Structure formats: structure tokens, C-alpha cells
Amino acid sequence: MKKFLLVLSFCMISAGYAQDVLDKIVAVVDNEIIMKSELDFQVNYMIAQKKINPNNPDIQQQVLNSMIEEKLLYAQALIDSVNVSDDEITRQVDYQLNMLSQQYGSREKIEQLYNMSFEKIKRELRENVKKESLIQRLQEKKFGLIDSGRREVEEFYNRFKDSLGVIPEKVKLAHIFKNPRTSPELKQKYRAFAEAILDSIKKGADFAEMAKKYSEDPGSAAQGGDLGFVKRGVFFPEYEAASFALAKDQLSPITESPAGYHIIQLLDRRGESVHTRHILIKVKSDDQNDLNTIEFLSALRDSIIRKFDTFANYARTYSDDKETAPFGGPLGTLYLEQLDKHLLEITSRMNDGDVSFPKRVDYNQGTYGYHIVYMEKRIKQHQPDLDLDYADLKKLTDEYKKQKLYQKWMTEIKSKIYWEIKL
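Keep in mind that what you see is a predicted model, and the values were worked out from it rather than measured. (Residues numbered from 1 in each chain as written. Predicted model: local features only at pLDDT ≥ 70, side-chain atom pairs only at ≥ 80, totals over all residues. Heavy atoms only, no water.)

1. Quick look at the sheet that holds strand β4 (residues 226-231)
An order of β4-β7-β6-β5 is seen for the four strands of this open sheet, with the pairing classed as antiparallel. Every interior strand has two partners, whereas the edge strands, β4 and β5 (255-257), have only one. The average angle at which neighbouring strand axes cross in this sheet is 45°, direction not considered. Seen against the sheet, helix α8 (residues 184-202) touches β5, β6 (260-270) and β7 (273-281) and runs at an angle of roughly 40° to β6. (Pairing = 2+ DSSP bridges. Helix = DSSP H or I, 4+ residues; strand = E, 2+ residues; numbered from the N terminus. Axes fitted to C-alpha atoms, helices over the stretch in contact; angles between N-to-C directions. Contact = heavy atoms within 4.5 Å.)

Written out as C-alpha cells, the structure is:
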């Protein structure tokens, strides 16, 4: 998403920039060109992002080389007939546009923000997504199977260990997460509200007016819940299954997804695309439910400290984090510098085997929960160790191999595809 916003920002900034100065071509790559305004923007962006000294004379050349290589990769993808289906591109575009709509509330606000029509934004995004997808597919084809063996990691370690520096402090963490909104009583309260709205519509209330009044989907409520035509693969699976099961103009029963409860109406269908409108009722927690969640996690923590059972077993049984729960709640081994402020505060004074008190965690806009964190191991700053840091050393070895192969490959591409710097 950040990359897409950058692309749109670039389109606007470079367009305005070209009006103020005489633009010129700085490089040609196959059938594409790089303009001075594009290069200047990317240079300024890199300086701002990486806090580089703007007086460094090498920055412009480094950025230009990177832009040329990206265009060479795109040209090579076309030569190699690398394929990304229209459906894949459409799904990515629709998903990103839907995320933008949720972020900014309406298409009109997006158009105002970027000073271009929604259709133009869509065209710009589609072209960018297509190019990026082709380049990514090409690189996956070339380097996706690189996997260093133990012997290669040892050779890399023995060759570079004196130049790797110290390994920063890191921690191995796990957690048990509870979402206050998942209590049966609370969910039933909001489901009953959705049922009442559905009953009103069945008795003659206008769907669009009810959506404007009650729907909590900021991207569609103002349009009467209308989501337009969307291809299969964009919506939540639960929403999609309900939508494709409907006949034209038919209303769905109350449908639950991770977003909340939906009332869905199918307006039209064209092959693998559906045009629906919906009313979303989100499940919102209250103070009492928050308190119950905190008390529950506190009781779990007490049981773990008393060794009634292991942290991992409790995580498998009770955690609402579906990605980590089946494995005992692991968050991984993380460098302290990788931790967000929330986790850093929790773990700063923890030792091996400690379990934190329940803490609120905000993991999405408007979405939160509570968790307890387990410090499985704290690994102090140290010199690289082949056994202790094997996973990190293997990643470095893989990247080293890829970089060497990439440089050789890029030299071959540059010898076959026309490119020229015109600075």
C-alpha cells in the first residue's frame, strides 16, 4: 500500500514539477524513458527516507542505476514471456482500491486527495501493479529456489565472521491474545441488531437508506452500501460465499466475517464478478467485556506461573491469534530494534521464563485486544555464533548468493537490451 501511495504521489509531484522547469530525458531503456523530474523526485525521496547527506555526489547515480535496472527487469520479463493473469492483477488492484476507500471513507475523498478521477487512479495503479508483478515473477523464477545448505552457511560464516560485527540483543517471544469482542454474549447483542435491520428491510424499509443510517463500512455507507462489481478473491471468504450463493436482488441471511455482521444484497452478477451492496454491523467491545478479558488473562498468567500447564498449551487452547495459536503462540526471535514501542515496554525488564501482565495491544485501525507475553529467551549482544545465530546467518548466506547471481545476471541483461544514460 505504501508503494502505491508513493506512485500516486510521484504522478502528481512530477507533473507539477515539469510545469515549473524544463524537463528532459536522462536515460532510455528499451522502449521506455526516465525523465529528469522522475530522477529528482526519487533522489529526494531516498534522501528523506534514509536520511542521507544530500551533498553526497554518488546519490543521483545510485538512484538512476536502480531505476534503469528496474526497467531492464521489466523489459526482460516481456522478452521471457513472464505471465501474470489479468485476474491476478485485477484482484490486487481491486483490493488496494478497496483499502483506499476504507482508509479515506469515499471515492470522492480519494479523488480530491490525488487530484485525479477514480478511473484514472485505477488505470495508473493497474499499470504499476502489472509491471511490479511481472518483475517479481521474473525474480522468483530466477532466484526463488535458492536455499543455502549447512556447508555453505559455514563457509560464509568462516569467510565473513570478522566483518559481521556484533549481533545485537534479541529476544524470543510468544503471546496469548484475546479479543474482547469474541464473547458469545457480546456477539449475540450485535447480531440481534443486524437481524432487526434485516427484518425492517424485508418489511419494506429502503436498503440504501438503512445502509446510510446504520452501516459501519466507511467506504460504502455513503453510497447506500454499494460496493460495485468485484471479482472473486477480493472479499472475505465468508462474504464472497454468501454473495455468490444469492440470486439477483436476493437478500442474504446475517453473514459473519472478521469485519463483523453483514446484510448482503446481490444487485447483479457477471461471470466471476458480483455487484453487491451491504450493511456492516461491527462488534464493539464495552468496559465490562474488557475487564472480563483482563481478568481471564490474569488467571491464565497465574496458572502458568504456578506451573499448572505450559504457556504453549494455554496458547493453543485459548489464544485468539489464529496464526500463532496452533504453534503455541510464537512471535519469533526478534532484535530489540525490531520491537515496536508496545513490545519494547513490556519486555524491557523481563528475564527468561517471565510472563507479562495483560496489556492492551492495538493491531489495526479501530481494532484492539489484550495479551500476555512470554519471554522464552533473552539473548544478549554477542559475537556471531554459528549455532546460536544459524537462522540469521543462513538468511545472510542466501542473500549473498542471490546478490552475486543477480549482479552476473544484470550484466548479461545489460549486454542484450538497449539502454543509455543521457545525463
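2. Things to note about the sheet that holds strand β2 (residues 32-35)
Judged by pairing direction, the sheet is antiparallel, and its three strands sit side by side in the order β2-β1-β11 without closing on themselves. At either margin of the open sheet sits one strand with a lone partner, and together these are β2 and β11 (419-421). When the angles between neighbouring strand axes are averaged without regard to direction, this sheet yields 20°. Pairing between strand β1 (residues 25-29) and β11: three bridges, direction antiparallel. In the sheet register, V28 faces β11, and the bridge partner there is E420.

3. Side note on the pattern of salt bridges
Counted according to the given criterion, the structure contains 29 salt bridges. With its nearest N and O atoms 3.1 Å apart, the salt bridge here joins R150 to E154. With a gap of four residues between them, R150 and E154 both fall in helix α7 (residues 150-160), about one helical turn apart. For E154, a relative accessible area of 29% gives the class partly exposed. Between E152 and K401 there is a salt bridge, with the nearest N and O atoms lying 3.0 Å from each other. (Salt bridge = Lys/Arg side-chain N within 4 Å of Asp/Glu carboxyl O. Buried < 20%, exposed > 50% of the residue type's maximum accessible area, 1.4 Å probe, protein only.)

4. Some points on the confidence of the model for the chain
Averaged over every residue, the pLDDT of the chain is 88; the share at 70 or more is 94%. Of all helices and strands in the chain, the one with the weakest mean pLDDT is helix α1 (residues 2-20) (42), whereas helix α12 (residues 311-318) scores best (97). Of the regions scoring below 50 in pLDDT, residues 1-21 engages in 32 contacts with residues more than four places distant in sequence or in other chains. (pLDDT = per-residue confidence, 0-100.)

5. Here's the deal with the packing of aromatic side chains
Throughout the structure, instances matching the rule amount to 13 aromatic pairs. Relative to Y406, the ring of F143 has its centre 6.4 Å away and its plane inclined at 55°; by these criteria the two rings are tilted. Of this pair, F143 sits in helix α6 (residues 118-143) while Y406 sits in helix α14 (residues 390-416); the two residues are 263 residues apart in sequence, bridging distant segments of the chain. Among the residues examined, F143 registers a relative accessible area of 8% and is labelled buried. Aromatic side chains F156 and Y400 sit 5.6 Å apart centroid to centroid with 55° between the ring planes, which places their arrangement in the tilted category. Here the residue F156 occupies a position in helix α7, and Y400 occupies one in helix α14, the gap between them amounting to 244 residues. The buried category is assigned to F156, whose relative accessible area is 9%. Assessed through its relative accessible area of 27%, Y400 is described here as partly exposed. (Phe/Tyr/Trp six-rings, centres within 6.5 Å; stacked < 30°, edge-to-face > 60°.)

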